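Residue-level structural notes
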Amino acid sequence: MYIKRFLEEEIIKNLKIYPVIMAYGQRKVGKFTMLHHLMEPE
């Protein structure tokens, strides 16, 4: 089960401007999962 993060909309908006986005923070909070979910083909 995937939990939608509040930063998803900001990441999508900024990917239209910048070619690279860096997600950093504490371990085990879902950074990779969120980015992996956003990059899946729909």
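Here's what I pulled together on the structure shown here. (Residues numbered from 1 in each chain as written. Predicted model: local features only at pLDDT ≥ 70, side-chain atom pairs only at ≥ 80, totals over all residues. Heavy atoms only, no water.)

**Observations regarding the pattern of salt bridges**
In total, this model carries two salt bridges according to the counting rule given. In this structure, the salt-bridge partner of Glu8 is Lys4, at a minimum N-O distance of 3.7 Å. For Lys4, a relative accessible area of 57% translates into the label exposed. For Lys13, the salt bridge identified is with Glu10, shortest N-O distance 3.5 Å. Of this pair, Lys13 and Glu10 both sit in helix H1 (residues 8–15), separated by three residues, roughly a single helical turn. Residue class for Lys13 comes out partly exposed when judged on its relative accessible area of 46%. (Salt bridge = Lys/Arg side-chain N within 4 Å of Asp/Glu carboxyl O. Buried < 20%, exposed > 50% of the residue type's maximum accessible area, 1.4 Å probe, protein only. Helix = DSSP H or I, 4+ residues; strand = E, 2+ residues; numbered from the N terminus.)

**Regarding the layout of surface pockets**
Gaps left between atoms show up when a probe the size of a water molecule is rolled over them. By volume, the largest pocket is sized at about 250 Å³. Leu7, Ile11, Ala23, Lys31 and Met34 are, among the 14 residues lining the largest pocket, the residues nearest its centre. Broken down by secondary-structure element, the contributors of at least two residues to the lining of the largest pocket are H1 and helix H2 (31–38). The dominant element in the lining of the largest pocket, judged by the number of residues it contributes, is H1, at three residues. Looking at the lining of the largest pocket, its residues break down into nine nonpolar, two polar and three charged. (1 Å grid on protein atoms, 1.4 Å probe; cavity = no way out; pocket = protein on both sides within 12 Å on 5 of 7 lines; lining within 4 Å. Points joined across faces, edges and corners; volume = space filled by probe spheres on them. Nonpolar A, V, L, I, M, F, W, Y, C, P; charged D, E, K, R; others polar.)

**Considerations on unusual backbone geometry**
The phi dihedral of Lys28 is positive, around 65 degrees, even though this residue is not glycine. Structurally, the position occupied by Lys28 is in the loop between H1 and H2. For Lys28, a relative accessible area of 80% translates into the label exposed.

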